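A closer look at the structure
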Amino acid sequence: MAGPALQITGLAKEFAETRALDDVSFEVAPGSVHALLGGNGSGKSTLIKILAGVYEADAGVVSLAGRPIEAAKITPSTARELGLRFVHQDTGVFNELTIAENIALINGFGAGARVPWSQLRRRTVELLERFQIEARPEQPISDLRPADQTMVAIARALEDDGEGLSTLVLDEPTASLPRAEVELLLKAVRQCAAAGQTILFVSHRIDEVLMIADAVTVLRDGRKVFAGEAEGLTEEKLIGEIVGRPLQAVFPRPPAAAETRPPVLEAKGLCGGPVRDASFTVAAGEVVGLAGLLGSGRTELLQMAFGSERVERGGMTLRGKPYSPRSSGEAMRHGVAYVPEHRGTEAAFLDLTLRENLSVADLGRYWHGTFSHRSEKADAGRDIERFAIRAPGDQATFASLSGGNQQKAILARWLRLEPALLLLDEPTHGVDVGARADVFALIDEAVERGLAVLLVSSDFEELARVTDRVLIIRDGCLVSEHRADDLDAQAITELVYAGAVAA
Amino acid sequence: MSAEAGARRFKADPLDLLERFGLLILLGIVIVVFSLLRPDTFATAANFRSIVTTLSVGAVASLALMMPLIAGRFDVSVGATLGVCAIAAAAAMSKSGLPLVPAILVALIFGAVIGLFNGVIVAYLGVSSIIGTLGTSTVLVGLISAYSKGTPISEGLSRTLTDIGIETVAGIPALFIITLLVAAVVWYVATQTPYGRRLEAVGVNMRAAKLTGLPTRPIVVLSFVAAGLLAAVAGVMQIGAQGAADPQVAGITFILPAIAAVFLGATTWKPGRFNVPGTLIALFFVGTTVSGLALVGAAPWVTDVFNGSAIIVAIALSAQFRRRRTGELEIGS
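Residues numbered from 1 in each chain as written. Chains lettered and ligands numbered in written order. Predicted model: local features only at pLDDT ≥ 70, side-chain atom pairs only at ≥ 80, totals over all residues.

**Looking at the overall build of chain A**
For chain A, the helix and strand inventory stands at 17 helices and 20 strands. Against the globule reference of 23 Å for 503 residues, chain A gives a C-alpha radius of gyration of 25 Å, in line with a compact fold. With the C-alpha coordinates of chain A rotated into their principal frame, the extents come out at 75 × 60 × 45 Å. Classification of the 503 residues of chain A by burial places 47% in the buried group. A fraction of 68% describes how many contacts in chain A between residues 6 or more apart in sequence connect residues 24 or more apart. (Helix = DSSP H or I, 4+ residues; strand = E, 2+ residues; numbered from the N terminus. Rg over C-alpha atoms; globule rule 2.2 N^0.38 Å. Buried ≥ 20, exposed ≤ 12 C-beta atoms within 10 Å, placed from the backbone. Contact = placed C-beta atoms within 7 Å.)

Structure representation (structure tokens):
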């Protein structure tokens, strides 16, 4: 076939004031694996969402196998007609159903009112053979190993594409796979390409990209900054393109002896979930950052310290005493507080009032045989003022507050308990700039009084600015530790991508 | 409710006021309309006493339903528990010759044990509350008919209890006074204690409650125990209202008006939340309407249709109110 399988020309998209995509053009050769790389905010996911018809582009043309369409006109169904197929990180398979059912649910059971089971079986066997998946149609999909489950999702997406004219978009397919499965999946994807399938491979794992891709496009700040053959590329070169400057080694530097204070939390050889052998300390009056990619184990590490994720091996001490909380309640009684990543589902009580949200973690303090509404109200008023929470009053429904104000209230809820250790998971996610400053001012105030903070944030600029030390977590391992003075956002990006390479 | 909050309420906009007091106004309208239609039969002190007495048992049953519902759990077995406790108290008096107070204690123990069982299967075994308590309910109805062979227990009951259905204090039926006392206790527990507030937090966001360190499982179990205890109180009151423990009074149809009341109650007074005053207003709205319809000569099937529709309208309305406030549709689970 002549010409590119997928050609993107002049793609642009603006959100409010930010240019998410600025005149991006590249092409993908038929039968090749083309990797799309970029850090947080590079525009990579905006591009995928435009292709999928989720976002409407401002300008640009997308052409598939020589058939052009204005990017603004792509809808999920035109994307499919044109031959774009998507498999996302969440593959959308139904664990309880069989392979055949998983395929038929999306691609149709066949004509007629009755399900033609024998025909469906044959169809599935053929498909499994075509993609070299060793499984039987009637097996529940949960029987398969994770890499094969993803392959079934890929096979499902490509079932109606006999001539291989389509382009398969794999969006972070390995992010939630265990390490051992990744290689299997990459091998299978490579085989697909060898059979003539065009693949656009989106990933933040550079080693994978170098293993699998024929060509690479790198986006940064919405612009294409690199495009070329994968052959001859090095990990350093690609990280340099993602970050936007040549790689500079940032050497791990533990805090100077004079700076060390007695640790509040000390973890030794902590294992559990994806986390492997994590040892670290957080001292009183110190903010320690935890930087890692999605799926690196950063959230699980916080949850282990809060008793909501099981510790398989290793141990912790809190203020010098052995600490192994079995529940959040127990962690709280030891003076540990946790602001989770997903505010709406894990921290906010949207139906309750602001006042009730502020005091929900410590209602006992108002109970002396009768409930003291007066002191609850007084405390609410004080916190609303101190934390600059903007609300019509303390009886306002929590859902009516903005994200930033909700987050301030949740922080206030925890700081009331005067914890010794505060665990923060993406505390400024969905929080406006003004409220962000407030949030950190309040944290600083508490830190000055001796609070220890462990902070996870994927806003690396923020991480470099507000922390004293930063721990880098990669694939569940703490790979290095740095003084925040040595770091900026780009350096942290380098470190989370490259881990040991940069060090 | 503090004085400040009370003052705030009257500053609210008219739509808010309508939402809060709409049902109370509707109850007033229903009373006025039926009084005009049937001045000789409906608008009499005797009729009001009869309505109030009849609804008393249902009112306590609806409060029993309300407790687990605040935590987002549905106790379908309240009707059956009520039946079991009534039979247990009656049997304790009639067969074992126990005086009234120990007999009431027997009923309360039965209620608490059934509630504990429900709570444990829901909170610790992860059974869906509707399915789990439907199972309990079916078992209990079976046990009642095995024990009673379908015959009511009316002999050897405490006279104090069997007369209470016709007793009045200053013209107010005694059963209604008991209902108000029980309602006051439930209101106090649900809104004036840390437990009630935690219960509500669990119902609003279970995961957040867990991550805020609340002991979510014991909280849920306790709400079922409270439901069992309240069902026991309703069961004893039922003996008083009927003068006998009737094994037919068990199961789900008996508590249909109570279900309607709890959900309808959540659309009024404190819209979007299950609350005691709203529940009582709703129950009396439904009960008065049904009684009025009967007096104007509506056929008996009208009651069922009205009760059923009230439940559907109530649940739909409360879901809409919730969506308006929080952008989410689901209420309870």
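**Side note on the overall build of chain B**
Tallying secondary structure elements over chain B gives 14 helices and two strands in all. Relative to the globule expectation of 20 Å for 333 residues, the C-alpha radius of gyration of chain B, 20 Å, shows essentially globular dimensions. By residue count, 49% of the 333 residues in chain B fall in the buried class. Restricting the contact set of chain B to residue pairs at least 6 apart, pairs at least 24 apart contribute 77%.

**Here we look at the interface of chain A and chain B**
Tallying the contact residues gives 26 residues for chain A and 23 residues for chain B. The greatest single-element share of the side of chain A that touches chain B, amounting to three residues, is contributed by helix H10 (residues 328-333) of chain A. Its residues assigned to classes, the side of chain A that touches chain B comprises 14 nonpolar, nine polar and three charged. (Nonpolar A, V, L, I, M, F, W, Y, C, P; charged D, E, K, R; others polar.)

**A look at the confidence of the model for chain B**
Close inspection of predicted coordinates is inappropriate for parts of the model with low pLDDT. Residue and element names in this part refer to chain B. Taken over all residues, the pLDDT of chain B has a mean of 87, while the share at 70 or more is 92%. Element-level pLDDT for chain B is lowest in helix H1 (residues 3-11), with a mean of 42, against a maximum mean of 97 in helix H5 (residues 100-123). Every residue in residues 1-11 scores below 50 in pLDDT, and together they form four contacts with partners more than four places removed in sequence or on other chains. (pLDDT = per-residue confidence, 0-100.)

**Quick look at helix H2 (residues 14-37) of chain B**
All names here are of chain B. Of all the bends in H2, the greatest measures close to 60° and is centred on Phe21. Burial in H2 covers these residues: Glu19, Leu23, Leu27 and Phe34. Elements in contact with the buried residues of H2: helix H12 (256-265) and helix H13 (276-295). (Bend = angle between axes of the 7 residues up to and from the residue.)

**Side note on the domain arrangement of chain A**
Residues and elements named next belong to chain A. Domains assigned within chain A are domain 1 (6-243), domain 2 (257-335 + 419-501) and domain 3 (354-418). Put simply, the middle of domain 2 and the middle of domain 3, counted by C-alpha atoms, are 26 Å apart. Between domain 2 and domain 3, the contact holds twelve residues from the first and twelve residues from the second. No other element matches helix H15 (residues 433-448), which puts five residues into the side of domain 2 that touches domain 3. Tallied by class, the residues present in the side of domain 2 that touches domain 3 amount to nine nonpolar, one polar and two charged. (Domains from an automatic or database assignment.)

**Focus on the environment of Ile141(A)**
With respect to the helices and strands, Ile141(A) occurs in the loop between helix H4 (117-130) and helix H5 (146-158). When the C-alpha positions of Ile141(A) and Val93(A) are compared, they lie 7.7 Å apart, and in sequence the two are 48 residues distant.

**Overview of the packing of helix H4 (residues 78-94) of chain B against helix H6 (residues 129-148) of chain B**
Residue and element names in this part refer to chain B. Where H4 meets H6, the axes come as close as 8 Å, and the angle between the chain directions of the two elements is 25°. Classed by the angle they form, the pair H4 and H6 counts as roughly parallel. The way H4 lies across H6 gives a crossing that is left-handed. Taken together, the residues of H6 that come into contact with H4 (itself represented by Gly79, Ala80, Thr81, Gly83, Val84 and Ile87) are Ser137, Leu140, Val141, Leu143, Ile144, Tyr147 and Ser148. Split by residue class, the contact of H4 with H6 holds eight nonpolar, five polar and no charged. (Axes fitted to C-alpha atoms, helices over the stretch in contact; angles between N-to-C directions. Parallel < 35°, antiparallel > 145°, perpendicular 65-115°, else oblique. Left-handed = near helix turned anticlockwise from the far one by under 90°.)

**Quick word on the confidence of the model for chain A**
Residues with a pLDDT of 70 or more make up 95% of chain A, whose mean pLDDT is 88. Here helix H17 (residues 489-498) of chain A stands out as the element of chain A with the lowest mean pLDDT, 83, in contrast to helix H12 (residues 354-359) of chain A, whose mean of 96 is the highest.

**Quick look at the sheet that holds strand S17 (residues 421-425) of chain A**
Residues and elements named next belong to chain A. Sheet architecture is open: six strands sit in the order S16-S17-S18-S13-S19-S20, paired in mixed fashion. One side of each edge strand has no neighbouring strand; the edge strands of this open sheet are strand S16 (336-339) and strand S20 (477-483). Across the sheet, the mean angle separating the axes of adjacent strands is 20° when strand polarity is ignored. Sheet analysis places strand S13 (residues 287-291) next to strand S19 (residues 469-474), joined by four bridges and oriented parallel. Within S19, the residue paired with Val288 across the bridge is Arg469. (Pairing = 2+ DSSP bridges.)

**Points about the packing of H2(B) against H13(B)**
All names here are of chain B. Between H2 and H13, the least distance of the axes is 10 Å, while the angle of their chain directions is 20°. The orientation of H2 relative to H13 falls into the category roughly parallel. The chirality of how H2 crosses H13 is left-handed. Side by side, H2 and H13 meet where Leu23, Leu24, Leu26, Leu27, Val30, Ile31 and Phe34 of the first sit next to Ile281, Ala282, Phe284, Phe285, Thr288, Thr289, Gly292 and Leu295 of the second.

**Remarks on the pairing of S16(A)**
Residues and elements named next belong to chain A. In S16, alternate side chains face the same way, and those of Val336 and Tyr338 on one face and Ala337 and Val339 on the other are all buried. In this sheet, S17 lies alongside S16 in parallel orientation, the contact comprising four bridges. For Ala337, the partnering residue across the bridge sits in S17 and is Leu422.

**Structural notes on the environment of Phe201(A)**
All names here are of chain A. Among the secondary structure elements, Phe201 is positioned in strand S8 (residues 198-202). Residue classification places Phe201 among the buried residues on the basis of 27 C-beta atoms within 10 Å. Taking the C-alpha atoms as reference points, Phe201 and Gly244, 43 residues apart in sequence, are found 21 Å from one another. Contacts of Phe201, omitting those with residues within four sequence positions, involve Val33, His34, Ala35, Leu170, Ile212 and Ala213.

**What to know about the sheet that holds strand S6 (residues 84-87) of chain A**
Residues and elements named next belong to chain A. Spatial strand order, S6-S7-S8-S3-S9-S10: six strands in an open sheet with mixed pairing. In the strand order of this sheet, the two ends are held by S6 and strand S10 (223-229), each with one partner. For this sheet the average axis-to-axis angle between neighbouring strands, irrespective of direction, equals 20°. Alignment of strand S3 (residues 33-37) against S8, held across four bridges, turns out to be parallel. Opposite Leu36, over in S8, you have Val202 as the bridge partner. Strands in contact with helix H8 (residues 235-243) are S3, strand S9 (215-220) and S10; relative to S9, the strand with the most contacts, it is inclined by about 30°.

**Looking at unusual backbone geometry**
Residue and element names in this part refer to chain B. Positioned with a positive phi, Ala170 is a non-glycine residue whose angle comes to about 50°. Tracing the backbone shows Ala170 in the loop between strand S1 (168-169) and strand S2 (172-173). Classification of Ala170 by C-beta neighbours within 10 Å gives exposed; the count is 5. Of note in the backbone geometry, Trp269 takes a positive phi value of approximately 65° without being a glycine. Checked against the element boundaries, Trp269 lands in the loop between H12 and H13.

**Things to note about the environment of Leu463(A)**
All names here are of chain A. Relative to the elements of secondary structure, Leu463 occurs in helix H16 (residues 460-466). Separated by 173 residues in sequence, Leu463 and Leu290 have C-alpha atoms that sit 8.3 Å apart. Residues within four places of Leu463 in sequence aside, it is in contact with Gly289, Ala291, Ser457, Val470 and Ile492.

**Observations concerning the pairing of S13(A)**
All names here are of chain A. When you tally the buried positions in S13, you get five out of five residues, the bulk of the element. Residues Val287, Gly289 and Ala291 of S13 are buried on one face, and the alternating residues Val288 and Leu290, pointing to the opposite face, are buried as well. Pairing geometry for S13 and strand S18 (residues 452-456), over four bridges, is parallel. For Val288, the partnering residue across the bridge sits in S18 and is Leu454.

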